[in-house]
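The lines below spell out each chain.
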Amino acid sequence: AQRVTQPEKLLSVFKGAPVELKCNYSYSGSPELFWYVQYSRQRLQLLLRHISRESIKGFTADLNKGETSFHLKKPFAQEEDSAMYYCALSEETSGSRLTFGEGTQLTVNP
Amino acid sequence: GAVVSQHPSWVICKSGTSVKIECRSLDFQATTMFWYRQFPKQSLMLMATSNEGSKATYEQGVEKDKFLINHASLTLSTLTVTSAHPEDSSFYICSARDLLAVAKNIQYFGAGTRLSVL
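Fair warning: this is a prediction, and the values are worked out from it, not measured in the lab. (Residues numbered from 1 in each chain as written. Chains lettered and ligands numbered in written order. Predicted model: local features only at pLDDT ≥ 70, side-chain atom pairs only at ≥ 80, totals over all residues. Heavy atoms only, no water.)

## Re the overall build of chain A
Within chain A, the secondary structure is distributed over zero helices and 11 strands. For chain A, the succession of helices and strands along the chain, N to C, is β-β-β-β-β-β-β-β-β-β-β. Relative to its length of 110 residues, chain A is compact, with a C-alpha radius of gyration of 13 Å against a globular reference of 13 Å. Expressed as lengths along the three principal axes of its C-alpha atoms, the size of chain A is roughly 40 × 30 × 25 Å. Counting across all 110 residues of chain A, residues that qualify as buried make up 46%. (Helix = DSSP H or I, 4+ residues; strand = E, 2+ residues; numbered from the N terminus. Rg over C-alpha atoms; globule rule 2.2 N^0.38 Å. Buried < 20%, exposed > 50% of the residue type's maximum accessible area, 1.4 Å probe, protein only.)

Okay, structure coming up:
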């Protein structure tokens, strides 16, 4: 069965510092990977998906099939990036259900 | 665009009663909606996939008779927690996938419903 692991429950950095939120997965097929974000008192929303290969709000994530990872990175963290970040996996690109990691609470300190 | 409305946002009920939660896609049509459960400080756990016009697909360990799902239209899915007990107290979240953008495989989430069973 597929599994998504986010090893850090809490991550704290200072404003302007680089940040990396780790995500590893286990799945035998070709997964589609996502990062979802939940800001305080807001609903979960899509941040980015690996297929798009785009940068959103300065964040990027590269799918590394060899290491089965999909780490989220930003070179200069901002205070408004403080939120809960979830890595998620879909078994196929045709639109199947998502398996979420446990989430990482990012705090960017001034 | 792509707004999902979930109602109610918070409900308190007595043990043994049933509670219905609605999930509506406001500006798009969704043949597929998903229901998740989230315990405090834990991740979202998929309960079931709701399919318009057909039976829902439940995840292993989720009681079908306990959590009734109805997806009667392209914009509405409901989750009914039947004979609720305190252990059913949780945060329930729905999501929907745009019918016209299935290939994008993006889920749009509701704000969630906090259920407290006394």
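Here the narrative resumes, following the displayed structure.
## Some words on the pattern of salt bridges
All names here are of chain A. Taken as a whole, this structure holds eight salt bridges over all chains when the rule is applied. Between Glu 20 and Lys 22 there is a salt bridge whose closest N-O contact spans 3.2 Å. The class of Lys 22 is partly exposed, set by a relative accessible area of 30%. Residues Asp 81 and Lys 74 are paired through a salt bridge, measuring 2.8 Å at the closest nitrogen-oxygen approach. (Salt bridge = Lys/Arg side-chain N within 4 Å of Asp/Glu carboxyl O.)

## Examining the interface of chain A and chain B
The interface of chain A with chain B comprises 19 residues on the first partner and 21 residues on the second. Between chain A and chain B lies a buried interface of about 1,600 Å² when both sides are counted; carbon and sulfur atoms form 48% of it. Ranking the residues of chain A by area buried against chain B places Arg 43, Arg 97 and Phe 100 of chain A at the top, with a combined share of 33%. The interface formed by chain A and chain B holds one salt bridge in total. (Contact = heavy atoms within 4.5 Å. Buried area = accessible area lost by both parts, 1.4 Å probe.)

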